[in-house]
Amino acid sequence: SPPSRARTPRRPRKGTNPTMKDPVGVYCRVRPLCRGDQESCLEVVNHTTVQLHPPDGHRVVRNGEYRETQYSFKEVFGTLVAQKELFDVVAKPLVEDLIRGRNGLLFTYGVTGSGKTHTMTGSPGDGGLLPRCLAMIFNSIGPFQAKRFVFKLDEKNGVEVQSEVEALLERQRREALPIPKTPAGKRQLDPEFADMIDVQDQPRAEEVDEDNVYGVFVSYIEIYNNYIYDLLEEAPFDSIKPKPPQSKILREDQNHNMYVTGCTEVEVKSTEEAFEVFWKGQKKRRIANTQLNRESSRSHSVFIIKLAQAPLDADGDNVLQEKEQITLSQLSLVDLAGSERTNRTKAEGNRLREAGNINQSLMTLRTCIEVLRENQLYGTNKMVPYRDSKLTHLFKNYFDGEGKVRMIVCVNPKAEDYEESLQVLRFAEMTQEVEVARPMDRPLCGLTPGRRLRHQLRGGPVGEQSAAEQFFQSLPPLPSCELLDINDDQTLPKLIEALEQRHKMRQMLAEEFAKNVLAFKTMLQEFDSSVASKENYIQGKLAEKEKTITGQRTELERLEKKIKTLEYKIEILEKTATIYEEDKRNLQQELESKSQKLQRQASDKRRLEARLQGMVAETSLKWEKECVSSWSSLNFLCLVCSSSILPPPAIPGKGKSLDVSVPVSHCSLPSPQSCGVPAEPGDSGAAPRVPRRSNSCSSISVASCVLEWEQRGPPCPPASLPNPGNAAGAEPGPARPSPSRRRGMCWSRAPELPGDRQELEQEEDPCCRSTPVAPLRPRRSRSAGGERWVDHRPASHVPTGTVLQPRVPRGALTVGAPSERALARCDRYLLTHQELASDGEIQTKLIKGDVFKTRGGGQAVQFTDIETLRQESPTGRKRRSSPPDPAPAGDGADSEWTDVETRCSVAVEMRAGSALGPGFQHHAQPKRRKP
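Residues numbered from 1 in each chain as written. Predicted model: local features only at pLDDT ≥ 70, side-chain atom pairs only at ≥ 80, totals over all residues. Heavy atoms only, no water.

1. Side note on the UniProt feature "binding site: ATP" (unreviewed entry) in the chain
Counted only if it meets this: UniProt positions are given in the numbering used here, feature names are shortened, and annotations may be inferred rather than shown by experiment. Put simply, DSSP marks the helices as runs of H or I at least four residues long and the strands as runs of E at least two long, and each gets a number from the N terminus on. Burial classification: accessible surface area is computed with a 1.4 Å probe over protein chains only, and a residue below 20% of its type maximum counts as buried, one above 50% as exposed, and the rest as partly exposed. We call two residues contacting when some pair of their heavy atoms lies within 4.5 Å.
On the UniProt side, "binding site: ATP" (unreviewed entry) is annotated at positions that read G110, V111, T112, G113, S114, G115, K116 and T117 here. Looking at where G113 falls in the secondary structure, it is placed in the loop between β8 (103-110) and α2 (116-121). Take G113: its relative accessible area is 13%, and that puts it in the buried class. Turning to its location among the elements, G115 is positioned in the loop between β8 and α2. Excluding its chain neighbours within four sequence positions, the residues that come into contact with G115 are R31 and C410.

Dropping the structure here:
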């Protein structure tokens, strides 16, 4: 019959139960410390929880407190747990599912040197999970294995069943190959791994279908630098030009399952043969010596066990040739390479590249787990990046619902691995939240069970006896029944004796059968009574459980209502807290704004006080000048009129008079009455009122006083003063003295012209005089009181080279950094600060302040003023400027724009308290219009 082929059924879409999901089983195993005096950062709290605490060097964390973190897993295995106990809990259920036709994935995860390879492979005398899985498989299906080459795997991840003849021809062809094959019974085991597969307990699966035949295939691959290599591939050896191993390609079969194309798959018939194949590939695996591990795995290894099974036909003799009834299940045992930090392993060259690829593939695995968890928890539909790494791409079917997934987290408790163990435990605890769809059971074949046993009872193969034949052979043989003589008296008695013996034996068998039947009936009755009593007991227990469940449901409903009420209260409190927080923020903002406003008002007040003080000082100085000028004028007038000197006037705001000495002239001027000048009508001894001109100066006009004196006295030219007109030889007539000599002359009234008085008043206007009568007092500078400055220029100060430079007072103490000693010697502070403006130019700020002594004996600086010097490029774009005078409509375009050079042509330095504010202010001159 032609061979029939079977494919692995499509699990994610048709073979999964979307309503039934199982979480990823995560187990933790703690490796014992190498030395007893090593510091440990991990302790086992109970069988499901571990506690990680930072070592002595890491106790200062973000908030400066000592933190201990606990992580929970499905089960935790301490340092004293044996490999058998770990296998019974973690791997044995996966092997049982493999025999039932379900897939499974088991991988170890952890940092380098945490015991992953030891957990998977084991050590001499103590085999790991892999040899124990192989031993359990062959102990369970050993009597039911098909002959070699009955099952044949194709190159597309499928399996086909060959007939007995085809399998025999295949075996003969393989035996004719030049490489001799040692029989399994005579194979000599390698002493390196002979102790690893010597399992004493002989584990077996409980439920094995005896009506099926089984075939086991193994393959071994590694993922190195994100490339897949076959560890069982027999590459031809070329000593001259050896060829590197070729990487394999991942493909997807017709059921959307991933497999490695061209991978070597070997059919094995015993535990020894399977482990020998594994050890052969293990020697080719890439390992290296690092600072943290003497035999560090540099690649991810994957050992795949495929179990093909097919039912027997109705006679129980041959394999059923129906592809729908063939099942191919798979168990993948993965030993992941450990994550490592290059600053600890000191890796270089190839080791550094290997470490980067290992960490990248593990990071991709973590990303896939996080996306799966997010999709399941929040109902999102994000794409899982399986294709970013060959590791995740190969096992994406398991996370999509292909089978069970188990992970063993290996942890090294030494203090040096604290940071790495922290990340590993976080990722492992998060992986437990991912759920995988449970695969559905395979359909039944529809044939009557017990076909193999019936075939054996019917005679089975040639050379074997049935149980009935063995029973009849145990009876005494019958003698010969042939009578050759009439006087033969021995044949019949012998026959009768043999028949009586058989009859007695029959009776004995009947009695024994009856006794057995009675005993069996008694046992059945006792069993029925025990079953009835157990049913009654179970019913009572069920009733009690029902009551307990009902009470618990009622309690749950009450607690749910309470939880809802508390959640509602919590929500209200959260809203109230949110409102209060918002009010608090608003009040804080309002408080800050008012504080800033008060600060601004205080600063404005200080500036206003400084400005008022400046104005008061200027006004006082001005009034001092006016008083001195007025007193000098009056004193000269009195000197001219009566040769008497007035006392100095009192200065406003001061309690003393001016001490000014004026030289007295020796010329005596007569009074008006002595000159014979008649008084005007209505004159009562006083000069007539002369209307005063209104001018901008509040002092007394000297010209008015002289005119008033001329009106009272007669024209009497002094004898001691020569006539300038006559001295020059001019014509006789009324002589007019020059204005510079007018103060010492006596003028006559007759020859006075009408315009002379107005000209005299205009020339004698005090506001128009440029030279005061008395010398002015020098203005007192602000630094006259002994103010000293601290000129603080940082070391990063850049000379600008501008025309306008900050003017620092003389005697200033220049420092690179402010000190208490420098501030104690001065009472003013100046900071030169440079920064980059928005246009890319350097902007210099002079920040000035007053130095005050504090109560504690120190010094404090209160900033009062800021001056800014800014430099701009003349080649920049023209900016709009408002001209001081509106230009005509025709020339608006020419006068509306000014360039930067024109704007920066004039600068005025202002004082504190000025109306325009502190700092350097630039005023532009309007650009000249074209004629």
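2. Structural notes on helix α1 (residues 83-99)
Our working rule: One fitted axis covers the seven residues ending at a residue, a second covers the seven starting there, and the bend at that residue is the angle between these axes.
Largest kink in α1: about 50°, centred on A91, with the proline P93 one to four residues after it. Looking only at α1, the buried set comprises Q83, L86, F87, V90, A91, L94, V95, E96, D97, L98 and I99. Directly after α1, the chain includes G101, whose backbone phi takes a positive value near 95°.

3. Notes on the sheet that holds strand β27 (residues 842-853)
Selection criterion: Paired strands, as defined in this entry, are two strands with at least two bridges between them according to DSSP. With axes taken as lines fitted to C-alpha atoms, and helix axes fitted only over the stretch in contact, angles between N-to-C directions fall between 0 and 180 degrees.
Ordered in space as β25-β24-β26-β27-β28, the five strands form an open sheet in which the pairing is mixed. The open sheet has two free edges, formed respectively by β25 (813-815) and β28 (859-870), since each of these has just one partner strand. Direction aside, neighbouring strands of the sheet carry axes that sit 25° apart on average. Pairing between β27 and β28: eleven bridges, direction antiparallel. The partner of F852 across the bridge, within β28, is A860.

4. Describing the sheet that holds strand β5 (residues 49-52)
Spatial ordering of the open sheet is given by β4-β5-β6, a layout of three strands whose pairing is antiparallel. Each edge of the open sheet is held by one strand with a lone partner, namely β4 (42-44) and β6 (69-72). The average angle at which neighbouring strand axes cross in this sheet is 25°, direction not considered. Across the sheet, helix α10 (residues 418-431) is in contact with β4, β5 and β6; its angle to β6 comes to roughly 40°.

5. Quick look at unusual backbone geometry
Residues other than glycine seldom take positive phi values, yet F149 does so here, at roughly 75°. Of note, the phi angle at N157 is positive, near 65°, even though the residue is not glycine. By the secondary structure assignment, N157 is in the loop between β11 (151-153) and β12 (158-161).

6. Section: the confidence of the model for the chain
Put simply, the rule is: In predicted models, pLDDT denotes the confidence assigned by the predictor to each residue on a 0 to 100 scale.
Scored by pLDDT, the chain comes out at a mean of 75, with 67% of its residues at no less than 70. The low-confidence segment residues 714-785, where pLDDT is below 50, has 82 contacts with residues more than four positions distant or belonging to other chains. Scored below 50 in pLDDT, residues 904-927 makes 50 contacts in the model with residues more than four places away or belonging to other chains.

7. Here's the deal with a nonpolar patch on the surface
Definition in use: Candidate patch residues must exceed 30% relative accessible area and have no salt bridge, after which like charges are joined if within 9 Å and Val, Leu, Ile, Met, Phe, Trp or Tyr side chains if within 5 Å. Using a 1.4 Å probe, the Shrake-Rupley method yields the accessible areas, and only the shown protein chains count as cover for residues. Salt bridge, as used here: a side-chain nitrogen of Lys or Arg that lies within 4 Å of a carboxyl oxygen of Asp or Glu.
On the surface, a nonpolar cluster with roughly 320 Å² of combined accessible area is contributed by Y537, I538 and L542. The class for Y537 is exposed, based on a relative accessible area of 55%.

8. Digging into the pairing of strand β21 (residues 327-335)
In terms of burial, β21 is largely enclosed, as nine of its nine residues are buried. Residues T327, S329, L331, L333 and D335 of β21 are buried on one face, and the alternating residues L328, Q330, S332 and V334, pointing to the opposite face, are buried as well. Pairing of β8 with β21, which is carried by five bridges, proceeds in the parallel orientation. When the bridges of β21 are listed, L106 appears paired with L333. Across nine bridges, strand β20 (residues 300-311) lies against β21 in antiparallel orientation. From the neighbouring strand, I305 faces β21, where its bridge partner is L331.

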